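Here is what each chain is made of, one letter per residue.
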6 protein chains.
Amino acid sequence: MTTGPTTEPTTGPTDLTTGPTHPTSDSTAETRQERFERGMEVLNRVDGESGQRVIDALADVNPELGHQVVAWGFGEIYNRPGLSPRDRQLVTLGMLTALGGCEPQLDVHINAALNVGLTSDEIAEALLHTAVYCGMPKAINATFVAKKVFGERGLLKDS
Amino acid sequence: MTTGPTTEPTTGPTDLTTGPTHPTSDSTAETRQERFERGMEVLNRVDGESGQRVIDALADVNPELGHQVVAWGFGEIYNRPGLSPRDRQLVTLGMLTALGGCEPQLDVHINAALNVGLTSDEIAEALLHTAVYCGMPKAINATFVAKKVFGERGLLKDS
Amino acid sequence: MTTGPTTEPTTGPTDLTTGPTHPTSDSTAETRQERFERGMEVLNRVDGESGQRVIDALADVNPELGHQVVAWGFGEIYNRPGLSPRDRQLVTLGMLTALGGCEPQLDVHINAALNVGLTSDEIAEALLHTAVYCGMPKAINATFVAKKVFGERGLLKDS
Amino acid sequence: MTTGPTTEPTTGPTDLTTGPTHPTSDSTAETRQERFERGMEVLNRVDGESGQRVIDALADVNPELGHQVVAWGFGEIYNRPGLSPRDRQLVTLGMLTALGGCEPQLDVHINAALNVGLTSDEIAEALLHTAVYCGMPKAINATFVAKKVFGERGLLKDS
Amino acid sequence: MTTGPTTEPTTGPTDLTTGPTHPTSDSTAETRQERFERGMEVLNRVDGESGQRVIDALADVNPELGHQVVAWGFGEIYNRPGLSPRDRQLVTLGMLTALGGCEPQLDVHINAALNVGLTSDEIAEALLHTAVYCGMPKAINATFVAKKVFGERGLLKDS
Amino acid sequence: MTTGPTTEPTTGPTDLTTGPTHPTSDSTAETRQERFERGMEVLNRVDGESGQRVIDALADVNPELGHQVVAWGFGEIYNRPGLSPRDRQLVTLGMLTALGGCEPQLDVHINAALNVGLTSDEIAEALLHTAVYCGMPKAINATFVAKKVFGERGLLKDS
């Protein structure tokens, strides 16, 4: 099988809150450039401008890393239908908090979490939950990134 | 100690797939023992027997740690209504994979993830997703714990 | 046992260098607010103003996380009599250095270490000791936080 | 699909000690299966049987993770000409030691390091070097994996 | 080579609970072998047989790593007078718990902690304290190593 | 024993790209100061000014840590002949990327990598390779340090 509905959804409209589009089938030949373009589309849907800025910043030092983030990370993995974008961001928030030292990526992905339907209260609750598994310092570090993002988007609580 | 609807839901039936019960209100006095019992109930719902076994094993070496896992981790945090049990397990799978060296906890929580409504395919997809953020070794280590749990529960694929 | 001396020490004067006060007994009912206030007292004794600033900064993004740091971390754990405040800071310096990426928490806890009786020479020696277990980069990163704190408190050596 | 020198080296003989083959050009369309086969070839050259066993073991729990390890990790990254296989294993030994908890991957990659031309003395020296940056515990843990692999391959010293 | 009080304490009797002996002065020339022997003496005082076993096991794979653990880790760092052996083990327990995946080293150092005067209750309390900073999984993993060591030394509680 | 070929190479000229000088023999007595001076020479060859700045900055807070970085890290380990300086930097780049939160050390060691003969393209390729094992966030964080260093040294690509 080479053509048909399998690849169409990747260029058609997607309801971001219900799930990603189907990946290309095993037998569809794609060029490296086509895979990159597919990933770029997913990246822009999920991360918005902040993802694009990371790719642009990599261009003069390690363009292949930027290519692989897009073509592989977003084109191959994020684009798979087995887990909704909202679910993927929950896993991602957990990972980035646990890894530590990933504040720039948390900034991108707390924005992404809001983009795909998580509320600021759900994100705060997820970061509270991380305290049980990662300890207070990492939970606090991640929460201060959320504070920055929520502040930029007018989502802070009246305290 | 006050009574009333605030604490009732913690002893009534809970639909585990839609969300946890409300925590006690600020003005409800509880004893340490009552908080432990509330946590025990949540622990048993989420983790089942494997959680109980961890608490039992801590009794002769560090009983206070077992108490705090139950009374605080489950009674105070897991029990909050802001995030569904399924969402909490997605965050938890991400954290435990990223931390590394937490294979015993992954065993408990892959079981928990199945208990609260995630399918084995969704868990495998979440662990595939971790490869992008944590790298292949941690994703593979977590997946081999899933292989053990899925095997015990008859959920492996025909390969 | 339900009333009396068990809880009194938490409101009476404490000799911070010899040990924390006794936690409440199992049968003493406390409200969430009472536990928070107990933790606030311990937090202020150990961390001073820098701890308070962290809690304040969490208020508009994740107030429950701030509550749990205080009510659980300080009210439940730090307040226990089994280990002196000085001993707890030695363990804490080791952990924060090893975790990596916890420079903000090291700032708070190097201050705390000085508050509970560790000298700047002992702290420097503890951070030298971390080089054996955590490697030079993490030992150096932690030591530069100590340099900042020692500088603020007039404790740097003439070099 | 285009032909020509760009893709030829991936199927021709390779001198493993001097460098990998060129990746496919941007304009060469490949199917998912073709990319997998290219990765499989690189995997077998570098990791030998132990890599194959990992992929086989993933088949009934997370076959897509096995596919991505091969098609992306080996087919896309390892296969690039910018760094020799020997150099890649030096970087990899450093990473796996630093990450911690990656003993199964160290087993595969200490074998791989020997396969691509590093001597057992160079590997031991590299692991000694990790003590400076990762601390003694991680250096020792990695070295005990080397002891197992060297023992299996008759490379231990007379002590 | 100079003689005198600077180096004498390293061969005289030491009260292990009050502090280590003075390191050699800057102007005392030592051979590599002398530094190793000094470290061996400290290692045996602190870690006992379990430390010796690690050094022996390194002999046929990475003897220089074993040498450096002894000559540098113990001869240069542990032997310094600025922090008592008991204090050093508190820092070490914190680090090894936080690093993760260092269960073999925790075994050695929970034994060491008991050797230098920490009680099993203090060790358990220190590991409870780690839950606040490292999260429950790492605190539990370290506690199960303590359970093994306490069991071997008849120090478990009646539960 | 004090003279002879064993120690001569440490004061003679060294071809930095082919390998380090021989360490002192077991039977050559050295003072602490001599070992420091030997390390300083290696440090200056490998890290250049940026290494010196770290040692200077440690002088008023933890001079012994600075001493040990030089005398042990560089004098004892880096100076050994078993692995070339270029090989050591490949291992080091892998470790520092994997550890996370070591951006200051990556700055020093990306400079060092260029000093000992790695090209900017090889460094970028090594950091791309880390994505497979450490995940995208750590690979990107390390690459942005490389971007800063390459920029300072006029090595960025036209993008």
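In this text the structure is predicted, and so the values were computed from the model without any measurement.

Looking at the overall build of chain A
Next up, step 1: Helix and strand counts for chain A stand at 7 helices and 0 strands.
Next up, step 2: Written out in order from the N terminus, the α and β elements of chain A read α-α-α-α-α-α-α.
Next up, step 3: Out of the 159 residues in chain A, the part that is buried amounts to 67%.
Next up, step 4: Restricting to contacts in chain A with at least 6 residues of sequence separation, those with at least 24 account for 68%.
Next up, step 5: Carbon and sulfur atoms make up 54% of the accessible area of chain A, which totals about 5,300 Å².

Focus: the relation of the copies chain E and chain C
One copy of the chain maps onto the other through a rotation about an axis plus a displacement along that axis.
Next up, step 1: The transform that puts chain E on chain C rotates by 180° and translates by 0.0 Å along the axis, for an RMSD of 0.0 Å. Such a combination of rotation and displacement between the chain copies is what one expects of a two-fold axis.
Next up, step 2: An overlap of 100% is found between the interface residues of chain E and their copies at the interface of chain C, pointing to a shared contact surface.

A look at the confidence of the model for chain A
Caution applies to low-pLDDT regions: their predicted coordinates should not be interpreted in detail.
Residues and elements named next belong to chain A.
Next up, step 1: Summing up the model confidence of chain A, the mean pLDDT is 87 and the portion of residues at 70 or higher is 84%.
Next up, step 2: The low-confidence segment residues 1-22, where pLDDT is below 50, has 46 contacts with residues more than four positions distant or belonging to other chains.
Next up, step 3: Taken over the whole predicted complex, pTM reads 0.89, whereas the ipTM for its chain interfaces reads 0.87.

A word on the interface of chain E and chain C
Next up, step 1: Each partner contributes residues to the interface: chain E has 31 residues there, and chain C has 31 residues.
Next up, step 2: Both sides of the chain E and chain C interface together cover about 2,900 Å² of buried area, and 72% of this is carbon and sulfur.
Next up, step 3: Its largest share of buried area at the contact with chain C, chain E owes to E:Met95, E:His129 and E:Tyr133, together 24% of the area lost on that side.
Next up, step 4: Between the two partners, chain E and chain C, sit 6 salt bridges.
Next up, step 5: Between E:Glu125 and C:Arg80 there is a salt bridge; the shortest N-O distance is 2.8 Å.
Next up, step 6: For the pair chain E and chain C, the number of links is 14 residue pairs in polar contact (both at pLDDT 80 or more).
Next up, step 7: Elements with a minimum of two residues in the side of chain E that touches chain C: helix 3 (63-78), helix 4 (85-99), helix 6 (120-134) and helix 7 (136-152) of chain E.
Next up, step 8: With 11 residues, helix 4 of chain E is the largest single contributor of residues to the side of chain E that touches chain C.

Observations concerning the relation of the copies chain B and chain A
Next up, step 1: Of the two same-sequence chains, chain B is brought onto chain A (RMSD 0.0 Å, axial shift 0.0 Å) by a rotation of 180°.
Next up, step 2: Most of the interface of chain B is mirrored in chain A: 100% of its interface residues are interface residues there too.

Some details on the interface of chain B and chain A
Next up, step 1: Facing 31 residues of chain B, the contacting portion of chain A comprises 31 residues.
Next up, step 2: Summing both partners gives a buried area of about 2,900 Å² for chain B against chain A, and 72% of it is carried by carbon and sulfur.
Next up, step 3: Counting the contacts that link chain B with chain A gives 6 salt bridges.
Next up, step 4: Linking chain B with chain A are 14 residue pairs in polar contact (both at pLDDT 80 or more).
Next up, step 5: For the side of chain B that touches chain A, the secondary-structure elements that each account for two or more residues are helix 3 (63-78), helix 4 (85-99), helix 6 (120-134) and helix 7 (136-152) of chain B.
Next up, step 6: Of the residues forming the side of chain B that touches chain A, the biggest block, 11 residues, is contributed by helix 4 of chain B.

Notes on the state of the cysteines
Next up, step 1: Applying the stated criterion across every chain, the model contains 0 disulfides over all chains.
Next up, step 2: Cysteine B:Cys134 is unpaired, with the sulfur of A:Cys102 as its nearest cysteine sulfur at 8.8 Å.
Next up, step 3: Given a relative accessible area of 1%, B:Cys134 falls into the buried group.

Some words on the packing of aromatic side chains
Next up, step 1: A complete count under the given rule lists 15 aromatic pairs over all chains for this structure.
Next up, step 2: An angle of 15° between the planes, with centres 4.4 Å apart, marks the rings of D:Phe74 and D:Tyr78 as stacked. In this pair, D:Phe74 and D:Tyr78 both sit in helix 4 (residues 63-78), 4 residues apart, roughly one turn of the helix. Of the two residues examined, D:Phe74 and D:Tyr78, each falls in the buried class.
Next up, step 3: Residues D:Tyr78 and F:Tyr133 carry aromatic rings whose centres are separated by 6.5 Å and whose planes lie at 70° to one another, so their mutual orientation is edge-to-face. Residue D:Tyr78 is found in helix 4, and its partner F:Tyr133 is found in helix 6 (residues 120-134); the two belong to separate chains.
Next up, step 4: Residue class for D:Tyr78 comes out buried when judged on its relative accessible area of 4%.
Next up, step 5: A relative accessible area of 4% means that F:Tyr133 is categorised as buried.
Next up, step 6: Each residue in the set A:Phe74, A:Tyr78 and B:Tyr133 is aromatic and connected to the rest through ring pairs, giving one cluster.

Digging into the environment of E:Gly117
Next up, step 1: Here E:Gly117 lies in the loop between helix 5 (103-115) and helix 6.
Next up, step 2: When the C-alpha atoms of E:Gly117 and E:Arg86 are compared, they prove to be 6.3 Å apart, with 31 residues separating the residues in sequence.

Examining the environment of B:Arg153
Residues and elements named next belong to chain B.
Next up, step 1: Along the chain, Arg153 turns up in the segment after helix 7.
Next up, step 2: Owing to a relative accessible area of 34%, Arg153 belongs among the partly exposed residues under this scheme.
Next up, step 3: Considered as a pair, Arg153 and Leu114 are 39 residues apart in the sequence and their alpha carbons are 9.7 Å apart.
Next up, step 4: If near-sequence neighbours (up to four positions away) are discounted, Arg153 is found in contact with Asn111, Leu114 and Asn115.
Next up, step 5: Looking at Arg153, its side chain comes within polar contact range of the side chain of Asn115, at 3.0 Å.

Examining helix 6 (residues 120-134) of chain A
Residues and elements named next belong to chain A.
Next up, step 1: With 15 residues, helix 6 should cover 21 Å at 1.5 Å per step; its first-to-last C-alpha distance of 20 Å lies within 8% of that length.
Next up, step 2: Most of helix 6 is tucked away: 14 of the 15 residues are buried.
Next up, step 3: A positive phi of about 90° marks Gly135, the residue just after helix 6.

Considerations on the pattern of salt bridges
Next up, step 1: If you walk through the whole model with that rule in mind, you get 88 salt bridges over all chains.
Next up, step 2: Here B:Arg35 and C:Glu76 are joined by a salt bridge, their closest N and O atoms 3.4 Å apart. In this pair, B:Arg35 is assigned in helix 1 (residues 32-47) and C:Glu76 in helix 3 (residues 63-78), connecting two distinct chains.
Next up, step 3: Between C:Glu41 and C:Arg45 there is a salt bridge; the shortest N-O distance is 3.5 Å. One end of the pair is C:Glu41 and the other is C:Arg45, both in helix 1 (residues 32-47) and 4 residues apart, which spans about a single turn.
Next up, step 4: Residues participating in the shared-partner salt-bridge network are A:Arg32, A:Glu64, D:Arg80, D:Arg88 and F:Glu125.

A closer look at the side chain of F:Glu122
Next up, step 1: For F:Glu122, the location among the structural elements is in helix 6.
Next up, step 2: A residue is classified by how much of its surface remains accessible, and F:Glu122, at 18% relative accessible area, is buried.
Next up, step 3: Among the polar contacts listed, one links the side chain of F:Glu122 to the side chain of F:Arg86, at a separation of 3.1 Å.
Next up, step 4: From its side chain, F:Glu122 meets the backbone nitrogen of F:Thr119 in a polar contact 3.0 Å long.
Next up, step 5: Excluding anything up to four places from it in sequence, F:Glu122 contacts D:Gly82, D:Leu83, F:Arg86 and F:Gly117.

A look at helix 2 (residues 49-58) of chain E
Next up, step 1: When we look at burial in helix 2 of chain E, the residues that qualify are E:Ser50, E:Gly51, E:Ile55 and E:Leu58. The buried residues of helix 2 of chain E occupy one face: seen down the axis, they fall within an arc of 145°. Exposed and oriented more than 90 degrees from the buried face of helix 2 of chain E are E:Glu49 and E:Arg53.
Next up, step 2: For helix 2 of chain E, the elements touching its buried residues are helix 8 (136-152) of chain D together with helix 1 (32-47), helix 3 and helix 5 of chain E.

What counts, and where the lines are drawn
- Residues numbered from 1 in each chain as written.
- Chains lettered and ligands numbered in written order.
- Predicted model: local features only at pLDDT ≥ 70, side-chain atom pairs only at ≥ 80, totals over all residues.
- Heavy atoms only, no water.
- Helix = DSSP H or I, 4+ residues; strand = E, 2+ residues; numbered from the N terminus.
- Buried < 20%, exposed > 50% of the residue type's maximum accessible area, 1.4 Å probe, protein only.
- Contact = heavy atoms within 4.5 Å.
- Areas by Shrake-Rupley, 256 points an atom, 1.4 Å probe, with all protein chains shown as cover.
- Least-squares fit on C-alpha atoms with pLDDT ≥ 70 in both.
- pLDDT = per-residue confidence, 0-100.
- Buried area = accessible area lost by both parts, 1.4 Å probe.
- Salt bridge = Lys/Arg side-chain N within 4 Å of Asp/Glu carboxyl O.
- Polar contact = N/O pair within 3.5 Å; in protein donor to acceptor, adjacent residues only side chain to side chain.
- Disulfide = S-S within 2.5 Å.
- Phe/Tyr/Trp six-rings, centres within 6.5 Å; stacked < 30°, edge-to-face > 60°.
- Expected span 1.5 Å × (residues − 1).
- Arc of directions from axis to C-beta.

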